[in-house]
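Here is what each chain is made of, one letter per residue.
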Amino acid sequence: MVLTDRQRSDLHAGIFEYLKSRPGDAFAKVADALREADPSIHDTLNGSSNGSSKSSTPLLEKKWTAIPRLQKKVLELERTLAQSAKIHAHRTGLDEATGTARRMLPRQPCNYKLAGHSQVVTAVALHPVFTMVASGSEDGTIKLWDHESGEYMRTLKGHTNTVNSVTFTPRGTHLASCSTDLSIKLFDMQTFSCVRTLRGHDHTISCIRFLPSLEVEQSGGTATTESTTTGLTAAAAGCRQLISASRDTTVKLWDVETGFCDHTFTDHSDWVRCLAVRQCDGSLWASSGNDTVINVYSNHRNKVVDLRGHEHVVETLAFITEDALKGIGRDSKHTELVRDYLASGSRDRTVRLWKLSEASCLAVFKAHENWVRSVVIHPSGNYVISSSDDKTIRVFDIKNNRCLRTLEKAHDHFVTCLDMHSTLPVLVSGGVDQVVRCWMLD
């Protein structure tokens with residue numbers, strides 16, 4: 001062992017101090033012999049006692065107990081490094097073991113189980129920029145979590161009844177929520193305060209979505225927060241309008257800057273439960289509900305097609321998961337193809353995939369054993385992921401028209417909602433068991 005003179009002196013002084021502290025003549029004789037062998041021990045001990053440290057713990061014991069603490073810290077750092085490697089592994093797009101492209105599909109066990117709600121979790125939404133997930137519940141609250149660390153962040157309050165839907169603006173500056181209390185609330189994600197409450201529906205508001213606007217993105221916008229009544233500017237948010245669906249059988253189009261309702265759609269004949277928006281440009285959106293008809297609209301107000309085929313209430317709709325405001329232009333044929341997809345899930349226990357340009361149903365997936373509550377289309381456009389009251393999350397292969405993977409007992413009760421990030425390898429789910437689960441993708 002090679003020690004410096006300072007390290008050797010500290011070691012001898014520590015051993016001497018320890019021996020002197022032990023009872024018995026034998027320890028004292030050994031200590032005296034050590035001091036005769038190294039007379040500098042006395043100077044080392046005096047220098048240590050005159051320093052800034054006034055601890056009564058012997059030097060050797062202090063250094064000895066520091067080793068387990070350092071070992072524990074090393075293990076914690078190694079775990080953090082391994083976790084970070086998993087989180088950011090998607091940037092290579094390759095599996096380290098095989099060198100093949102990852103499919104980025106959810107797998108068990110879940111990465112985190114986020115508990116805090118006192119009633120059913122009804123909605124989840126991932127922040128487009130930060131590692132944040134928002135969850136809404138029948139307890140009337142919205143909770144914010146860090147899905148990377150699994151830590152609780154804060155609770156947003158204001159609703160007096162069930163929160164049915166939550167969604168972030170395309171740039172993540174604000175969060176919108178809707179409730180059975182007939183209100184829509186806009187929360188500023190910097191101050192976490194409610195900046196505006198929108199009212200106009202006559203019954204339960206089931207779902208809410210922002211409509212991304214490429215015009216706002218390209219113009220840059222000129223409005224300031226002082227010139228709006230909501231404290232939300234279209235330029236900062238990346239959108240000019242939002243849509244809401246209600247049990248009053250209508251869908252309303254709102255101006256995010258003024259908070260006024262610009263238009264009311266009355267094409268449905270019963271409770272409108274779900275909405276979906278094409279995120280790349282916001283030019284297409286769809287709605288459906290108890291009447292089982294899926295209405296698709298273009299340029300915000302023009303109905304272009306209605307899709308029929310489900311035999312029971314349509315609970316959920318989804319376009320492909322992708323970055324908002326990405327735009328359409330220099331894209332591959334595959335990208336253009338999958339942007340024409342719309343997925344739907346129903347109480348008839350089926351998941352359907354539609355091709356909008358042909359107004360046709362491409363596939364019907366019948367693997368679920370109970371109501372389908374939520375669907376998302378994988379960012380690759382190759383898979384549909386769904387959750388159900390059969391407590392499972394299932395992955396369907398679009399090309400081969402089959403169930404590729406099943407996460408059995410994904411929750412302890414019905415799985416009510418799903419959301420998937422467009423770039424980060426994470427999928428979140430909420431359930432009747434009152435928890436939010438974060439699933440890593442591989």
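A short tour of the structure in this document, coming up. (Residues numbered from 1 in each chain as written. Predicted model: local features only at pLDDT ≥ 70, side-chain atom pairs only at ≥ 80, totals over all residues. Heavy atoms only, no water.)

**Comments concerning the overall build of the protein chain**
- If you tally the helices and strands in the protein chain, you get 7 helices and 28 strands.
- Burial status across the protein chain gives 50% buried among its 442 residues.
- For the protein chain, contacts bridging at least 24 residues in sequence account for 52% of all contacts bridging at least 6. (Helix = DSSP H or I, 4+ residues; strand = E, 2+ residues; numbered from the N terminus. Buried < 20%, exposed > 50% of the residue type's maximum accessible area, 1.4 Å probe, protein only. Contact = heavy atoms within 4.5 Å.)

**Focus: the sheet that holds strand β3 (residues 132–137)**
- If you walk across this open sheet you meet the 4 strands as β2-β3-β4-β5, and the pairing is antiparallel. Every interior strand has two partners, whereas the edge strands, β2 (121–126) and β5 (151–156), have only one. The mean inter-strand angle of the sheet, taken between neighbouring strand axes irrespective of direction, is 25 degrees.
- In this structure, strand β4 (residues 142–146) lies alongside β5, joined through 5 bridges in antiparallel fashion. Looking across to β5, one finds that Trp-145 is bridged to Tyr-152. (Pairing = 2+ DSSP bridges. Axes fitted to C-alpha atoms, helices over the stretch in contact; angles between N-to-C directions.)

**So, the sheet that holds strand β25 (residues 402–407)**
- Taken together, 4 strands build an open sheet; the order of strands is β22-β23-β24-β25 and the sheet is antiparallel. A strand with exactly one partner marks an edge of an open sheet, and here the two such strands are β22 (372–377) and β25. Sheet twist, expressed as the average angle between the axes of neighbouring strands with direction ignored, equals 25 degrees.
- Relative to strand β23 (residues 383–388), β22 is paired through 5 bridges, and the arrangement is antiparallel. Following the sheet pairing, Val-376 is matched in β23 by Ile-385.

**Here we look at the environment of Lys-391**
- Mapped onto the elements, Lys-391 comes out in the loop between β23 and β24 (393–397).
- The class for Lys-391 is partly exposed, based on a relative accessible area of 33%.
- Contact partners of Lys-391, with chain neighbours within four places excluded, come to Leu-407, Glu-408, Lys-409, Ala-410, His-411, Asp-412, His-413, Phe-414 and Val-415.

**Here's the deal with the pairing of strand β19 (residues 341–346)**
- Counting buried positions over the 6 residues of β19 gives 6, a clear majority of the element.
- Burial of the side chains of β19 extends over both faces: Tyr-341, Ala-343 and Gly-345 are buried on one face and Leu-342, Ser-344 and Ser-346 on the other.
- As defined by bridge partners, strand β18 (residues 314–318) adjoins β19 across 4 bridges and the pair is classed as antiparallel. Looking at the pairing, Thr-316 lines up with Gly-345 of β19.
- Where β19 and strand β20 (residues 351–355) come together, 5 bridges link them in antiparallel fashion. When the sheet's bridge partners are listed, Tyr-341 is paired in β20 with Lys-355.
- Hairpin connection of β19 to β20: 4 residues between the antiparallel strands, including Arg-349 at a positive phi of 75 degrees.

**Some points on the pattern of salt bridges**
- Going through the model one piece at a time under the given rule, you end up with 12 salt bridges.
- Across the pair Arg-278 and Asp-281 runs a salt bridge whose closest N-O atoms are separated by 3.5 Å.
- Residue class for Asp-281 comes out buried when judged on its relative accessible area of 14%.
- When the shortest N-O distance is used, the salt bridge between Asp-306 and Arg-308 registers 3.3 Å.
- Judged by relative accessible area, Asp-306 falls into the partly exposed class, the value being 31%.
- Judged by its relative accessible area of 58%, Arg-308 is exposed. (Salt bridge = Lys/Arg side-chain N within 4 Å of Asp/Glu carboxyl O.)

**Concerning the side chain of Ser-244**
- With respect to the element layout, Ser-244 can be found in strand β11 (residues 239–246).
- At 2.8 Å, the side chain of Ser-244 forms a polar contact with the side chain of Trp-254.
- Not counting the four nearest positions on each side in its chain, Ser-244 is found in contact with Ile-184, His-201, Ile-205, Cys-207, Ile-208, Thr-250, Val-251, Lys-252, Trp-254 and Leu-275. (Polar contact = N/O pair within 3.5 Å; in protein donor to acceptor, adjacent residues only side chain to side chain.)

**Some points on helix α1 (residues 5–21)**
- Taking 1.5 Å of rise per residue, 17 residues should cover 24 Å, and α1 covers 24 Å from first to last C-alpha, within 8% of that figure.
- Taken residue by residue, α1 has Ser-9, Asp-10, Ala-13, Gly-14, Phe-16 and Leu-19 as its buried positions. (Expected span 1.5 Å × (residues − 1).)

**Examining the packing of α1 against helix α2 (residues 25–37)**
- For the pair α1 and α2, interaxial distance at closest approach is 8 Å and the crossing angle is 155 degrees. One finds that α1 runs roughly antiparallel with respect to α2. Between α1 and α2 the crossing geometry is left-handed. Contact with α1, carried on its side by His-12, Ile-15, Phe-16, Leu-19 and Lys-20, involves Phe-27, Val-30, Ala-31, Asp-32, Leu-34 and Arg-35 of α2 and no other residues of that element. (Parallel < 35°, antiparallel > 145°, perpendicular 65-115°, else oblique. Left-handed = near helix turned anticlockwise from the far one by under 90°.)

**Things to note about the pairing of strand β26 (residues 415–420)**
- Of all 6 residues that make up β26, 6 are buried, and the element is covered over most of its length.
- Bridge count for β26 against strand β27 (residues 426–431) is 5 bridges, and the pairing is antiparallel. Each residue of the ladder has a partner; that of Leu-418, found in β27, is Ser-429.
- Adjacent in sequence and paired antiparallel, β26 and β27 are bridged by 5 residues.

**As for unusual backbone geometry**
- Along the chain, Gln-108 connects to Pro-109 via a cis peptide bond; the corresponding omega equals 0 degrees.
- The phi dihedral of Thr-292 is positive, around 65 degrees, even though this residue is not glycine.
- The residue Thr-292 is located in the loop between β15 (284–289) and β16 (294–298) in this model.
- One non-glycine residue, Ala-359, lies in the positive phi region at around 50 degrees.
- Within the secondary structure, Ala-359 sits in the loop between β20 and β21 (360–365).
- For Ala-359, a relative accessible area of 39% puts it in the partly exposed group.

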